[in-house]
Amino acid sequence: MAEIFLGMLVLLTLVFLMMGVRVVKQGYVYTIERFGRFTMSADPGLHLIVPFIDRVGQKVNMMEQVLDIPGQEIITADNAMVGVDAVVFFQVLDAGKAAYEVSNLYQAIMALTTTNLRTVMGAMDLDETLSKRDEINARLLSVVDHATSPWGVKITRVEIKDIRPPLDISEAMARQMKAERLKRAEILEAEGDKTSSVLRAEGRKQSAILEAEGKREAAFRDAEARERAAEAEARATELVSNAIASSGSQAINYFVAQEYTKAVGKFAESPNAKTILFPVEATQLIGSLGGIGELVRSTFDKPEGTVDAGTAIPQQRPREAVRAPVQRPTVPRSGDQG
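A brief look at the structure comes next. (Residues numbered from 1 in each chain as written. Predicted model: local features only at pLDDT ≥ 70, side-chain atom pairs only at ≥ 80, totals over all residues. Heavy atoms only, no water.)

### Focus on the overall build of the protein chain
Along the backbone of the protein chain there are 8 helices and 8 strands. For the protein chain, restricting intrachain contacts to residue pairs at least 6 apart in sequence, the fraction spanning at least 24 positions comes to 64%. Carbon together with sulfur atoms contributes 57% to the accessible area of the protein chain, which is approximately 24400 Å² in total. (Helix = DSSP H or I, 4+ residues; strand = E, 2+ residues; numbered from the N terminus. Contact = heavy atoms within 4.5 Å. Areas by Shrake-Rupley, 256 points an atom, 1.4 Å probe, with all protein chains shown as cover.)

Now the structure itself:
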């Protein structure tokens, strides 16, 4: 009998000891209540409590958590209805406050975030809600974090997931975006045409400048050539004048005869001319051809038939050998007039 009692006592002792041992998992904090009153927070690890007197109140998750805010229909300041989805990142810093300062912590954070989301976005226009998400996130974070600080909760981030404007507004925005892109394309095309016109004008300007410089250079070269030609002509005139001054009228006759001979020779250049008509004055030239040799010999004081080395003076052909049809002018008689 005593042995049975002793065994039961040992068993009860073991059960009592097991009821007084609590193991807290990592990332959690347990609240310990004594006769229903919060006394301490049990951190992760092994803890001993008094059975039947102390008990575990709540198991509080101390890790950072994500709370999904369901879609909300919000009216903006310009009376546009938009649908908004958001998420909230938070972390419990004080397990006692999170367990006993608010009832249903998750529901409280969700309701607080929803109401402040309506307040913040309801004070903005539709364009601002679509373009200022960072500002909305920052304002929500500040308001919600300040409101949840007495609960021992730290709001780390508030993010807007999606903003859904009405269908007609979406179509209007699409048309507006298309018009803006067409406007930008036309502006770029106009700027391209402007740049092209400027470049073409610059090219024409450079071409005109180069052409003017070329004409100027050509005129300068032409003037220089005329100056050289004038100098050569003056030199030739000077030489002729010196020759005339030294030999008298014989040099003049020689040059005149030479030019006259060149002029007469041009009559025979035409390939279609078979008969050449000489004026009366041409007979004087034919008669003077025989005196050219004597003029040359008398000018240079050389006897007839002698030539310098390397120079040959052609012999004058007899006058009868020059055969050219000569048309003598018909002189009207005095009796034929009238």
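### Let's talk about the packing of helix H3 (residues 105-122) against helix H5 (residues 133-148)
Geometrically, a packed helix pair is captured by the angle between its two axes and the distance between the axes. Put simply, H3 and H5 touch, their axes get as near as 10 Å, and they point 140° apart. Classified by the angle their axes make, H3 and H5 are oblique. In the packing of H3 onto H5, the handedness of the crossing is right-handed. Residues Ile109, Leu112, Thr113, Asn116, Leu117, Val120 and Met121 of H3 lie in contact with H5, whose contacting residues are Ile136, Arg139, Leu140, Val143, Val144, Ala147 and Thr148. Its residues placed into classes, the contact of H3 with H5 shows 10 nonpolar, 3 polar and 1 charged. (Axes fitted to C-alpha atoms, helices over the stretch in contact; angles between N-to-C directions. Parallel < 35°, antiparallel > 145°, perpendicular 65-115°, else oblique. Left-handed = near helix turned anticlockwise from the far one by under 90°. Nonpolar A, V, L, I, M, F, W, Y, C, P; charged D, E, K, R; others polar.)

### Some words on the sheet that holds strand E6 (residues 65-75)
Across the sheet, which stays open at both edges, the 3 strands sit in the order E6-E7-E8 with antiparallel pairing between neighbours. Of all strands in the sheet, those bounded by a partner on one side alone are E6 and strand E8 (153-164). Going across the sheet, the axis of each strand differs from the next one's by a mean of 20°, ignoring polarity. Relative to E8, strand E7 (residues 81-92) is paired through 10 bridges, and the arrangement is antiparallel. Opposite Val87, over in E8, you have Glu159 as the bridge partner. (Pairing = 2+ DSSP bridges.)

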